[in-house]
Amino acid sequence: MTSGKTAEREDVLRTTVAAAAEQRRRAVAAASAGRPAEAIKILQRALRLLPVDSGSADVVAIRARVLLSLGWVQAETVSFADGLVHLGTARDLVSGLAEGPERLALLGFADQQYAAVQTRAGRVPEAIELFDRAIRQLEQALDSPAGDSEMLARALLNRGVAYTTLGRPGAAEADMVRCIELSTAHDLPIMKAKAISNLGDIRLLVGDVPGALAHYAEAVRLFRELAPGLVARTQLDQARALLTAGLSEEAAQLLDEALPVLREQRISQDLAEAEVARAAAALLEGDREQARKSAGSAHRRFVRRGNMAWAEVAALTRLRTEADATLAGASATATPAKAVALAERLASAGLTDEAAMARMLGVRLALHRGDVDLAEKLLEQVPAPGRTAPIDHRMMLRLCRAELAIARGQTRSALAQAKSGFDELGAARDRMGGLDLVCGTAVHGLELGRLALGLVLRGPGNDADARRVLAWQERTRAQVYRYEPMPAIEDPELADRVAELRTVLRMVQQARLGGRSVAQLEQRAGTLQREVNRLGWHTSQWGRPRPVSSPTEVVERLGDRALISFSGPVDDLAAVVVAGGRTRLVRLGPKENILETARQLHADLDALAPDELVAPLVAAVSQSAERRIKRLDDLLFGPDGIPGELLGDRELVVVPFGGLYSVPWESLPSLRGRAVSVAPSATAWVSADEVAPEDGPVVLVRGPDLPSAATELDQLCEVYPDAIVLQGADATTDAVLSAMDGAKLVHIAAHGTHEAANAMFSRLELHDGGLLAHEVARLRRPPTHIVLAACELALSHIRPGDEPLGFAGAMLASGSRTVVAAVNRVGHRSAALTMTDYHRRLANQAVADLAADLAETMADYHRRVASGVSPARALAEATVVDPLRRPFILLGAG
């Protein structure tokens, strides 16, 4: 009878243990999928199932496993203290088990959980010791019935994270590779996806942003299928990579998607880390209030969790916000003493890079107060950056050294620091993929560039100083245009997203015309734009870097032409004028006056564009535009501007600055009838001028829904009788892209849209939707000469570092020589008249180019070319007829 009851109790106990084990399995799956609150509830139910007073080894073992899982999840969601209580209880239970594989595996499990919590708390060296012991124990037990391949994979994964935190990419990658092998062998797809994501962290550690983004994208794809709750955490990692590349707006968008999910999941560590990243993005965007709020919220969360190391990281982000305001004269809350105290706390937590950043903030704040000796003392305490130091830390150190040199009156030393800084920034930029990543890195050199240009502009303005200014302009601006694009790697997923985006944008347009709501369609378009961007960041490296052109090279290449390169690092606008082999620096007065006049002129010319504008309105707006264009002309070329005798009647190359990119230069009274080429930098102009003409076809394209006034294609067919003509249903994006590849000349008459918020999604409307700047930037052989007879497609979004990017700019950056487009809205009739006139004048040039191949001597070639008209001259003659309503410019070399 007693034997029967014992057997019955044992059966109940086995059933209970099995039920608790199943509950724990479900809880682990929920936690792994990013549902920690659900996991805690299940684990607590599992504990309630188990008898407290049982001495059964099976009950003790499953209770220990449940407590070890619960301890980790509570450490993540509540506090380290709560989690460690459960881990300590579990370890005590395991210690009481008999020697054997079960005890060994549980000890490994316990050490892995402790180590993971220690890593999150910032105690990484201690964590790695625990991971080493845990992995040895788990490996020894692996071939026994108690063996746990999943826990071994998890320990390898987490030790790899710890190695990454310590800046040991080689050891970290070895652990991740082994984790992936184990996960593949034992069918652990979520673990494998986590390891892939962590490979992204390792690539980011060594400065490979495109590689990091590629791993993150793959992890997000897997998580969306396997564990959607983990996507938000990976978005945080993606945002950090984008901040490294200077893409603060894109990082902020990702974080704004992730933060609500993380709040709902109640994973307070990830949520607080995301708030720190959001503060960093806001600071880069100049939103100090958002930065202060996000950093403050993160700091409070870390303190509540007991994670003081991360709390100090949040405090550093908050101090950077305060220092930014103090250095701008907007507050006085940041002090050198506060920075030094924070640096000491960060150093005691083992955060050497962060401690160095705090000391560098102290250096800048001390210099701001005029305490040069303190600044020098603090700078001596900043160690040389390590191999894996972030680029923003490197640039900050160069800035501190340069500012201290200026305070000591050592201008040459300051400029040497700036030059070295831009060399380091260039090395980081050279590894980027996608135009916007290459563009974005400029933000890290913004202050250093202003310092250097401000220094060289202090000179007396002689020829030598003008050359120095030009050299520094070229080092610090429009670096995206000094790359020779590399062939893009075909990506079917990217192509699918672009095709869907094109369809959605067309649906938005049709819905607007029909008076229907577009909110949901616009939301989907925004999501697709972000996906296209993200896929484009890592499809392939953008291009091979070309050296910055020296002033001597620019002078030689210009020949009889003149160049004006504007810059405004401080309050005044200045221009370097290169003409007749000489350089001269001209100071033009307050920058804001000139830029505001340019903005007002732009608004007037937009208002003047419509063909159907009634005569009285045309007269009124024209009068306003004439006043403003004359004022801008006086500010730039009047008595206190650039002397006319410097330019003579030379053809002109203009390198604008900021808001001057929107100026239709050939409409200015002083430049009407003059051949003008516009370029983002002298280096960009030299690169364009070196482009060898393609011996391909002429391609003429007409988009849909153009009014009857837009008739230039009919006229151009007479000018180019052998041209490839795409119109109606033939004018699809695929057909146009294919025809453009390798063409000598492409003319596209279509509706155009400039997207100011994201210029790479500026587009031309074709039969099946918009042709995006994102697509034309990756043509294998871009057309030598492209004419965009559409509104505003010469406009650029100006990123920090005076990095202009738009549809026309994307064509130039991808390797075209000459891009003709409008910087304003333009009426269809005006566009048609301008373009017909332009091409008729240009046609003689085409004949001369053909004749060049038949010429026996260069003299004969030049005599023949003299009878034709260059693109810049053709455009000057075509726009001078009606300068206010023909706001076209030639971008590149004309």
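A. Local environment of the overall build of the chain. Helix and strand counts for the chain come out as 37 helices and 18 strands. The 894 residues of the chain split such that 59% are buried. When the accessible area of the chain is evaluated, it comes to approximately 35700 Å², of which 51% is carbon and sulfur surface.

B. Focus on the packing of aromatic side chains. Taken as a whole and judged by the stated rule, the model has three aromatic pairs. Here the aromatic rings of Phe 422 and Trp 472 are separated by 6.5 Å at their centres, their planes lie at 70 degrees, and the arrangement is edge-to-face. One end of the pair, Phe 422, is in helix α20 (residues 411-429); the other, Trp 472, is in helix α23 (residues 463-476), and 50 residues separate them in sequence. Trp 472 shares its class with Phe 422; the two are buried.

C. The arrangement of helix α10 (residues 209-226) in detail. Between its first and last C-alpha, α10 extends 25 Å over 18 residues, near the 26 Å set by a 1.5 Å rise per residue. Within the span of α10, buried status applies to Val 209, Pro 210, Gly 211, Ala 212, Leu 213, Tyr 216, Ala 219, Val 220, Leu 222 and Phe 223. N-capping of α10 is provided by Asp 208, with a side-chain oxygen placed 2.9 Å from the backbone N of Gly 211.

D. Structural detail: helix α7 (residues 149-165). Between its terminal C-alpha atoms α7 stretches 24 Å, which fits the 24 Å expected from 17 residues at 1.5 Å a residue. Taking burial as the measure, the 17 residues of α7 include 14 buried ones, the bulk of the element. Two or three places before Glu 150, at the opening of α7, Asp 148 has a side-chain oxygen 3.2 Å from that residue's backbone nitrogen. Trailing α7 by a residue or two, Gly 167 shows a phi angle of about 75 degrees, which is positive.

E. Spatial organisation of the sheet that holds strand β13 (residues 769-772). Strand order in the open sheet made by the three strands is β11-β12-β13, with antiparallel pairing throughout. Across the chains shown, the open sheet's two edge strands, defined by having one partner strand only, are β11 (752-753) and β13. Pairing of β11 with strand β12 (residues 763-766), which is carried by two bridges, proceeds in the antiparallel orientation. Counterpart to Gly 752 in the pairing with β12 is Leu 764. Contacts from helix α32 (residues 733-740) reach β12 and β13, with the element oriented near 30 degrees to β13.

F. Layout of a positive patch on the surface. Residues Arg 26, Lys 41, Arg 45, Arg 48 and Arg 266 make up a contiguous surface patch of positive charge. The element contributing the most residues to the positive patch is helix α2 (residues 36-49), with three residues. Looking at the secondary structure, you find Arg 45 in helix α2.

G. Inspection of the pattern of salt bridges at higher detail. Under the counting rule described, the total for this entry stands at 45 salt bridges. Here Asp 423 and Lys 419 are joined by a salt bridge, their closest N and O atoms 3.4 Å apart. Residue Asp 423 and its partner Lys 419 are located together in helix α20, separated by four residues, close to a single helical turn. Residue class for Asp 423 comes out partly exposed when judged on its relative accessible area of 47%. The partly exposed category is assigned to Lys 419, whose relative accessible area is 36%. Residue Arg 672 is joined to Glu 626 by a salt bridge in which the shortest nitrogen-to-oxygen separation is 3.8 Å. With a gap of 46 residues between them, Arg 672 in the loop between β6 (652-655) and β7 (676-678) and Glu 626 in helix α28 (residues 615-637) connect regions that are remote in the sequence. Using a relative accessible area of 28% as the deciding quantity, one classes Arg 672 as partly exposed.

H. View of the pairing of strand β5 (residues 582-590). As defined by bridge partners, strand β4 (residues 572-579) adjoins β5 across eight bridges and the pair is classed as antiparallel. Counterpart to Ala 574 in the pairing with β5 is Arg 587. Remark: two residues form the turn of the hairpin made by β4 and β5, two consecutive strands paired antiparallel; Gly 580 in that turn has positive phi of roughly 60 degrees.

I. Structural context of the environment of Gly 638. With respect to the helices and strands, the residue Gly 638 is situated in the loop between α28 and α29 (644-647). Given a relative accessible area of 15%, Gly 638 falls into the buried group. Spatially, the C-alpha atom of Gly 638 lies 9.8 Å from that of Leu 588, the residues being 50 residues apart in sequence.

J. Representation of the nonpolar core in the model. With 146 residues, the main nonpolar core has Phe 566, Leu 636, Ile 642, Trp 665, Met 740 and Ile 748 as its most contacted residues. Ignoring anything within four residues of it in the chain, the contact list for Leu 636 reads Phe 566, Leu 573, Leu 588, Ile 594, Gly 641, Ile 642, Trp 665 and Leu 668. Core analysis: the next-biggest nonpolar cluster, separate from the first, contains 72 residues, Ala 46, Leu 50, Leu 87 and Ala 110 among them.

What counts and what doesn't
- Residues numbered from 1 in each chain as written.
- Predicted model: local features only at pLDDT ≥ 70, side-chain atom pairs only at ≥ 80, totals over all residues.
- Heavy atoms only, no water.
- Helix = DSSP H or I, 4+ residues; strand = E, 2+ residues; numbered from the N terminus.
- Buried < 20%, exposed > 50% of the residue type's maximum accessible area, 1.4 Å probe, protein only.
- Areas by Shrake-Rupley, 256 points an atom, 1.4 Å probe, with all protein chains shown as cover.
- Phe/Tyr/Trp six-rings, centres within 6.5 Å; stacked < 30°, edge-to-face > 60°.
- Expected span 1.5 Å × (residues − 1).
- Polar contact = N/O pair within 3.5 Å; in protein donor to acceptor, adjacent residues only side chain to side chain.
- Pairing = 2+ DSSP bridges.
- Contact = heavy atoms within 4.5 Å.
- Axes fitted to C-alpha atoms, helices over the stretch in contact; angles between N-to-C directions.
- Patch = residues over 30% accessible without salt bridge, like charges linked within 9 Å, V, L, I, M, F, W, Y side chains within 5 Å.
- Salt bridge = Lys/Arg side-chain N within 4 Å of Asp/Glu carboxyl O.
- Lys, Arg positive; Asp, Glu negative; His and termini not counted.
- Charge placed at Lys NZ, Arg CZ, Asp CG, Glu CD.
- Core = buried A, V, L, I, M, F, W, Y, C linked by side-chain atoms within 4.5 Å.

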